[in-house]
Amino acid sequence: MPTTSTAGRGPASVAPVAAPARLGVLSAQGKAPYRFTAEDAEWTARFVIGESGGRDDPDSHAVVWAMFNRYALLTRPYYRTFNAFLRAYSTPLQPVLKSWGASRRNMDRADFVRTGGTFGPPAPPGIPRGQRRAYLDLQRRPWAQLPSSARSVALRALGGAVANPIGNATEFGSTYVYFHDANRRYPNPDEWRRFTERYAERMGWKWIGPVPGLDQNTNTFFVQRRLAALPVPAVRVLAG
C-alpha cells in the first residue's frame, strides 16, 4: 500500500498494517464512480490524525464518512482526487492555513511558522499567514511512520469495511467548543443541544441527532438541508 519512501529515515517504530489487495470504489447515485488510490489512503490516515487524534473509534469513522459524503456529493468536480480534496479542506493538512480565524487561533503558539504576508479584509489587520510546525511535520510524515490505528482506519474505510454512522452528513465541527468560545464556559447537555440546533438552523443545516457510541462534543455532524431529502445513505464505498 502507500509507497512513500522511508529511505534514510531509519526503521519505523510502528506495527505493520495489512493492506487489502485493492481499495474500494466511492459510489453515489448519478455520479461517476471513483476508485481510491494508495495516495488517498496515506492522506486519509493523516486526516484522521489531524482531525480526530488518530484513534480507531466512532469519531474517526464519522469524520472520514463526512469527507466521503462531501467529496461524492459536493466537491468532486473541483478536485481530481480524494486526497487533493482532503488537503484543501482539512486545516491540519493545509501547507498554509486558508482561514484567518484558524491563523488567529494559532499565531501565538510556539510552533506557529509564519510563511510571509498577512490576511486582508475582512480579517482584522496584522493576522499572519502560516501553519503550525506540528501539522507541517504531519504532512511530511511517511506512511510507515504514521500510527497503526490511523493507517488501519484509512485502509478499512477506503476498502469498504467501515460502516457509515452519520448518514448524509457533510459538515462537522465542535459546537461544544463553539459554545465555550461564545460564553467562556462549557455547556451542560441541555444547553449544548439547544446551541447545536440553533447553530444548525443559522447555517442552513440539520443536526443528525444523537448517535449511540458517537460523542458529538468532540465533533458534531450536520446534513445540508438540500441533501436531507436524498436516500440514506446516498454514498457508498464498494469493496474492491
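Residues numbered from 1 in each chain as written. Predicted model: local features only at pLDDT ≥ 70, side-chain atom pairs only at ≥ 80, totals over all residues. Heavy atoms only, no water.

Caption draft 1: Geometry of the nonpolar core. In terms of nonpolar packing, the biggest core is built from 46 residues, with L26, F36, F47, F68, F82 and F221 touching the most fellow members. Among the secondary structure elements, those contributing two or more residues to this core are β1 (25-28), α1 (38-52), α2 (58-75), α3 (82-89), α6 (148-158), β7 (220-224) and β8 (235-238). Per element, the largest residue contribution to this core is 11 residues, and it comes from α2. (Core = buried A, V, L, I, M, F, W, Y, C linked by side-chain atoms within 4.5 Å. Buried < 20%, exposed > 50% of the residue type's maximum accessible area, 1.4 Å probe, protein only. Helix = DSSP H or I, 4+ residues; strand = E, 2+ residues; numbered from the N terminus.)

Caption draft 2: The sheet that holds strand β2 (residues 34-35), seen in detail. As summarised here, the arrangement of the three strands in space is β2-β1-β8, forming an open sheet in which the pairing is antiparallel. A strand with exactly one partner marks an edge of an open sheet, and here the two such strands are β2 and β8. Here β1 pairs with β8 via four bridges, running antiparallel. Looking at the pairing, S27 lines up with R236 of β8. (Pairing = 2+ DSSP bridges.)

Caption draft 3: Looking closely at the sheet that holds strand β5 (residues 171-173). The sheet built from three strands is open, its strands ordered β5-β7-β6 with antiparallel pairing. Among the strands making up the open sheet, the edge pair consists of β5 and β6 (205-207). Shown here is a sheet whose adjacent strand axes are inclined to one another by a mean of 35°, direction ignored. Bridging between β6 and β7 involves three bridges; their strand directions are antiparallel. Directly across from K206, in β7, lies its bridge partner V223. With respect to the sheet, helix α8 (residues 189-203) is in contact with β6 and β7, its orientation differing from that of β6 by roughly 160°. (Axes fitted to C-alpha atoms, helices over the stretch in contact; angles between N-to-C directions. Contact = heavy atoms within 4.5 Å.)

Caption draft 4: Region of interest: the environment of L158. Following the sequence through the fold, L158 ends up in helix α6. What makes L158 buried here is its relative accessible area of 0%. C-alpha of L158 to C-alpha of L238: the two residues are 80 residues apart in sequence and 8.8 Å apart in space. Residues within four places of L158 in sequence aside, it is in contact with L23, G24, F36, T37, D40, A41, T44, F68 and V237.

Caption draft 5: A look at the packing of aromatic side chains. In the structure shown here, the tally under the stated rule is 20 aromatic pairs. Pairing W65 with F68 gives two aromatic rings, centres 5.1 Å apart and planes at 80°, and the pair type is edge-to-face. In this pair, W65 and F68 are both assigned in helix α2, three residues apart and thus about one turn of the helix distant. For the residue pair W65 and F68, the accessibility class agrees, reading buried in each case. A ring pair is formed by Y79 and F85, whose centres lie 5.8 Å apart and whose planes are at 55°; its orientation type is tilted. The class for F85 is buried, based on a relative accessible area of 2%. Chaining the aromatic ring pairs together yields one cluster made of Y34, F36, W65, F68, Y71, Y79, F82, F85, Y89, F172 and F221. Lying across the ring of Y135, R132 places its NZ or CZ 5.1 Å from the centre. A cation over an aromatic ring shows up here: R151 above the ring of W143, its NZ or CZ 5.8 Å from the ring centre. (Phe/Tyr/Trp six-rings, centres within 6.5 Å; stacked < 30°, edge-to-face > 60°. Lys NZ or Arg CZ within 6 Å of the ring centre and 35° of its normal.)

Caption draft 6: α6, seen in detail. Counted residue by residue, α6 has eight buried out of 11 residues, so it is predominantly covered. All buried positions along α6 are accounted for by A150, R151, S152, V153, A154, L155, A157 and L158. In the core, the buried residues of α6 are packed alongside α1, α2 and β8. At the exit of α6 stands G160, carrying a positive phi of roughly 85°.

Caption draft 7: Just α2, in detail. With 18 residues, α2 should cover 26 Å at 1.5 Å per step; its first-to-last C-alpha distance of 24 Å lies within 8% of that length. In terms of burial, α2 is largely enclosed, as 17 of its 18 residues are buried. (Expected span 1.5 Å × (residues − 1).)

Caption draft 8: Seen up close, the side chain of T44. Its location among the elements puts T44 in helix α1. In this view, T44 contacts V64, F82, L86, A154 and L158; residues no more than four positions away in its chain are not counted.

Caption draft 9: Expanded view of the pattern of salt bridges. Within this structure, the stated rule accounts for 10 salt bridges. Between R46 and E42 there is a salt bridge; the shortest N-O distance is 2.6 Å. Taken as a pair, R46 and E42 lie in helix α1 at a separation of four residues, close to a single helical turn. One exposure class covers both R46 and E42, and it is buried. Of the charged contacts, one joins E197 and R193 as a salt bridge, the two residues approaching to 3.3 Å between their closest N and O atoms. (Salt bridge = Lys/Arg side-chain N within 4 Å of Asp/Glu carboxyl O.)

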